[in-house]
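Survey of secondary and tertiary structure
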Amino acid sequence: MLIDHFPLVGLRITTPRLQLRLPDAEELATLADVAADGVHDPAYMPFRIRWTELPPAERARSVVLHHWGLLGQWTPKAWKLPLTVFHEGAPVGMQMLKATDLAVTAECATASWLGLRHQRQGVGAEMRAAVAHLAFIHLGATDLVSAAFTDNVSSLGVSAKLGYAHDGIERHDDQGRLRVIRRLRLSRQAWQERDRPPVTVEGLAPCLPLLGLADGPPSDQDRPATTE
């Protein structure tokens, strides 16, 4: 069975309203249809890679190819987990969790998109809260990082709600004009101090070697001290 070779297909992260997991083929097709229907206001581009400017059919195909590409490049040292977000049993968006040398760095990063029809309902915050729980409680992470353009009010609002702190800026040329990205960092301590939805995680134990944690998540005592 596929789960014997790639146990991440059995991973389930569940919140009161959502489930995050890898999709099967038909669910991936439905997720692609969500992207084709629209991810943001056409007047505003929230992404540095402008994939949503593709025509709807090409945009949908890019979702499928991107999903397969990330899984095809998987290594325990560096991985990107593109979890489909299900609301009321149907795909509504994608929440990625990614890390490099997780057992050493204790740091994960996130990226996401949500179908336009499903926005402004608290889904964005809940799906990021789900992977924060996975990272901090089950993977031994001490930090979760994200980034958004300084005018991306929705994404920055989600980060503020979860307790992220400013972590610097990046300046980018976007089709000949300057756009500034705000880096954000959420520490485990800041996350613990916030109200957050209950989250359950199933099917994780056999996935740990694929996540670079063959010996299990390291404890804080196992890591060398860091200085600011």
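The structure contained in this document is the topic of the report that follows. (Residues numbered from 1 in each chain as written. Predicted model: local features only at pLDDT ≥ 70, side-chain atom pairs only at ≥ 80, totals over all residues. Heavy atoms only, no water.)

Right, let's get into the packing of helix 2 (residues 25–37) against helix 3 (residues 56–72). For the pair helix 2 and helix 3, interaxial distance at closest approach is 8 Å and the crossing angle is 135 degrees. The orientation of helix 2 relative to helix 3 falls into the category oblique. Between helix 2 and helix 3 the crossing geometry is right-handed. Contacts from Leu28, Leu31, Ala32, Ala35, Ala36 and Asp37 in helix 2 reach Pro56, Arg59, Ala60, Val63, Val64, His67 and Trp68 in helix 3. (Axes fitted to C-alpha atoms, helices over the stretch in contact; angles between N-to-C directions. Helix = DSSP H or I, 4+ residues; strand = E, 2+ residues; numbered from the N terminus. Parallel < 35°, antiparallel > 145°, perpendicular 65-115°, else oblique. Left-handed = near helix turned anticlockwise from the far one by under 90°. Contact = heavy atoms within 4.5 Å.)

Further remarks concern the nonpolar core. Leu8, Leu20, Trp79, Leu139, Leu144, Leu204 and Leu211 are the most contacted members of the largest nonpolar core, which has 48 residues in total. Per element, the largest residue contribution to this core is ten residues, and it comes from helix 5 (residues 123–138). Apart from residues no more than four positions distant in its own chain, Leu211 is found in contact with Leu8, Trp74, Pro76, Trp79, Leu102, Leu139 and Leu204. Core analysis: the next-biggest nonpolar cluster, separate from the first, contains 16 residues, Leu28, Ala35, Trp51 and Val64 among them. (Core = buried A, V, L, I, M, F, W, Y, C linked by side-chain atoms within 4.5 Å. Buried < 20%, exposed > 50% of the residue type's maximum accessible area, 1.4 Å probe, protein only.)

Right, let's get into the environment of Pro7. Structurally, the position occupied by Pro7 is in the loop between helix 1 (2–5) and strand 1 (12–14). Pro7 sits in the buried class, given a relative accessible area of 11%. Between the C-alpha atom of Pro7 and that of Leu208, which follows or precedes it by 201 residues, the distance is 9.2 Å. In contact with Pro7, other than residues within four places in its own chain, are Pro206, Cys207 and Leu210.

For the rest of this paragraph, the subject is the environment of Leu211. Relative to the helices and strands, Leu211 resides in the segment after strand 9 (200–202). By relative accessible area, Leu211 is classed as buried at 2%. Between the C-alpha atom of Leu211 and that of Asp41, which follows or precedes it by 170 residues, the distance is 35 Å.

The next thing to look at is the pattern of salt bridges. Scanning all chains against the criterion turns up twelve salt bridges. Put simply, Arg185 and Glu107 hold a salt bridge, and the shortest N to O gap is 2.7 Å. Of this pair, Arg185 sits in strand 8 (residues 177–187) while Glu107 sits in strand 5 (residues 107–114), and the two are 78 residues apart along the sequence. A salt bridge links Glu170 to Arg183; the shortest N-O distance between them is 3.8 Å. You can see Glu170 sitting in strand 7 (residues 165–174) and its partner Arg183 sitting in strand 8, a full 13 residues away along the chain. Given a relative accessible area of 30%, Glu170 falls into the partly exposed group. One continuous salt-bridge network, built from bridges that share partners, spans Arg50, Glu53, Asp151, Asp174 and Arg179. (Salt bridge = Lys/Arg side-chain N within 4 Å of Asp/Glu carboxyl O.)

Quick look at the sheet that holds strand 3 (residues 78–87) now. Across the sheet, which stays open at both edges, the nine strands sit in the order 7-8-6-5-4-3-2-1-9 with mixed pairing between neighbours. Edge positions in the sheet fall to strand 7 and strand 9, since each of these pairs with one other strand and no more. Averaged over all neighbouring strand pairs, the angle between strand axes comes to 25 degrees, with direction disregarded. (Pairing = 2+ DSSP bridges.)

Moving on, we get to the pairing of strand 6 (residues 143–149). Residues in a regular strand point their side chains to alternate faces of the sheet. Of all seven residues in strand 6, six are buried, a share of seventy percent or more. Across three bridges, the pairing between strand 5 and strand 6 is parallel. Residue pairing in the sheet places Glu107 in a bridge with Asp143 of strand 6. Examined bridge by bridge, strand 6 and strand 8 share seven bridges and lie antiparallel to one another. Of the residues in strand 8, the one forming a bridge with Val145 is Arg185.

Taking 1.5 Å per residue, 13 residues should reach 18 Å; helix 2 reaches 19 Å between its end C-alpha atoms and fits that length. The secondary structure elements touched by the buried residues of helix 2 are strand 2 (18–21), helix 3, strand 3, strand 4 (90–100) and strand 5. Of the residues flanking the start of helix 2, the one acting as N-cap is Asp24, its side-chain oxygen 3.2 Å from the backbone nitrogen of Glu26. (Expected span 1.5 Å × (residues − 1). Polar contact = N/O pair within 3.5 Å; in protein donor to acceptor, adjacent residues only side chain to side chain.)

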